[in-house]
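Summary of the model geometry
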Amino acid sequence: MGKGGGCVPSKKKPSSIAADDSPTNAPLLPIDNNAAENAAAQTTSPPSISKLKILIVFYSMYGHVEGLARRMKKGVDGVEGVEAALLRVPETLPPDALEQMRAPPKDDGIPEISSAAELTAADGVLFGFPTRYGCMAAQMKAFFDSTGQLWKEQKLAGKPAGFFVSTGTQGGGQETTAWTAITQLAHHGMLFVPIGYTFGPGMFKMDSIRGGSPYGAGVFAGDGTRGPSDTELALAEHQGEYMAAIVKRLAQN
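1. Some details on the layout of surface pockets
Using a probe with the size of a water molecule, rolled over the atoms, empty space left in the structure can be pinpointed. In this structure, the largest pocket encloses a volume near 290 Å³. Along the wall of the largest pocket there are 18 residues; nearest its centre are Tyr 62, His 64, Arg 132, Ala 221 and Gly 224. When contributions to the lining of the largest pocket are tallied by element, the ones reaching two or more residues are α2 (64-77), β3 (124-132) and β5 (160-167). Of the residues forming the lining of the largest pocket, the biggest block, 3 residues, is contributed by β3. Each residue belonging to the lining of the largest pocket can be placed in one class, and the counts come to 6 nonpolar, 10 polar and 2 charged. What the second largest pocket holds in volume is close to 190 Å³. Lining the second largest pocket we find Gln 170, Gln 174, Glu 175, Lys 205, Met 206, Ser 208, Ile 209, Arg 210, Gly 212, Ser 213 and Phe 220.

2. Considerations on the side chain of His 64
With respect to the helices, strands and loops of the structure, His 64 is situated in helix α2. Among the polar contacts made by the side chain of His 64, one reaches the main-chain carbonyl oxygen of Gly 224 at a distance of 3.5 Å. Residues contacting His 64, with those up to four places away along its chain left out, are Ser 166, Val 219, Ala 221, Gly 224, Arg 226, Gly 227 and Pro 228.

3. Points about the pattern of salt bridges
In the structure shown here, the tally under the stated rule is 9 salt bridges. Salt-bridge contacts for Lys 141 lead to Asp 145; the nearest nitrogen and oxygen are separated by 2.6 Å. In this pair, Lys 141 and Asp 145 both sit in helix α4 (residues 138-145), 4 residues apart, roughly one turn of the helix. Residue Lys 141 is classed as partly exposed on the basis of its relative accessible area, which comes to 32%. One network of salt bridges, with partners in common, ties together Glu 66, Arg 70, Arg 88 and Asp 107.

4. Thoughts on the packing of aromatic side chains
For the coordinates displayed, the defined rule picks out 6 aromatic pairs. On the basis of an interplanar angle of 40° and a centroid distance of 6.3 Å, the ring pair of Phe 127 and Phe 163 is categorised as tilted. In this pair, Phe 127 is assigned in strand β3 and Phe 163 in strand β5, connecting sequence segments 36 residues apart. Look at Phe 163 and you get buried, because its relative accessible area is 1%.

5. So, the side chain of Ser 60
In this fold, Ser 60 is placed in the loop between β1 (52-58) and α2. Within the structure, Ser 60 has its side chain in polar contact with the backbone nitrogen of His 64 (distance 3.5 Å). Within the structure, Ser 60 has its side chain in polar contact with the backbone nitrogen of Glu 66 (distance 3.2 Å). Discounting residues that sit within four places of it in the chain, Ser 60 has contacts with Val 65, Glu 66, Arg 88 and Lys 106.

What counts, and where the lines are drawn
Residues numbered from 1 in each chain as written. Predicted model: local features only at pLDDT ≥ 70, side-chain atom pairs only at ≥ 80, totals over all residues. Heavy atoms only, no water. 1 Å grid on protein atoms, 1.4 Å probe; cavity = no way out; pocket = protein on both sides within 12 Å on 5 of 7 lines; lining within 4 Å. Points joined across faces, edges and corners; volume = space filled by probe spheres on them. Helix = DSSP H or I, 4+ residues; strand = E, 2+ residues; numbered from the N terminus. Nonpolar A, V, L, I, M, F, W, Y, C, P; charged D, E, K, R; others polar. Polar contact = N/O pair within 3.5 Å; in protein donor to acceptor, adjacent residues only side chain to side chain. Contact = heavy atoms within 4.5 Å. Salt bridge = Lys/Arg side-chain N within 4 Å of Asp/Glu carboxyl O. Buried < 20%, exposed > 50% of the residue type's maximum accessible area, 1.4 Å probe, protein only. Phe/Tyr/Trp six-rings, centres within 6.5 Å; stacked < 30°, edge-to-face > 60°.

It is worth stressing that arrangement in space is one thing and function is another; only the former is reported here.
Here it is as structure tokens:
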């Protein structure tokens, strides 16, 4: 066409369609309400924080040490972020010998420690045992003797530990039983945690018989019929609480 005759219309280009201009009859994906709720819960719920763990490993023939252990657990569990578990060491005497010694049956609610290797998972350990001639009972010594592989590899090095004891008389080894047991911890490189005089006025009372020392809680068993006094149990609870505070402080550093 000549000049001035008008323009030749150009070929029409397909009009662009915005991304949100999809047909109204397009199929929609089904909404999984459960999946949405689970996703929301995962983003809003705080992560679970595991508690520090203290093992209370003990041997008790007549129940005196066990009484302290139970009260000690109460003290540990009372500290936020820390929990305790009670474990017995295996008995080494045959049933007929225990019967002749009139030892009561063990509480099945407290399990035996299956292996010394369980100690490695603990953040701290409290060991309890009765006295035999100013030293720990053979049952507890047998357990410590089973920790040879842990000693060889120093798996327990740096782990805090403490003691609590039972004696038949006031001069029967409330202190010597604890400090002769320290050799076990020294060879493992463990940290001995005594309670000192942190129990306060309770450590100075003279109006009644009381077991325990700066080394740890204690109970006087007498002829076997005397149970722990309120003061002895309170001292055990204090030791559990004190140990939990030490373990917590070490974990934060």
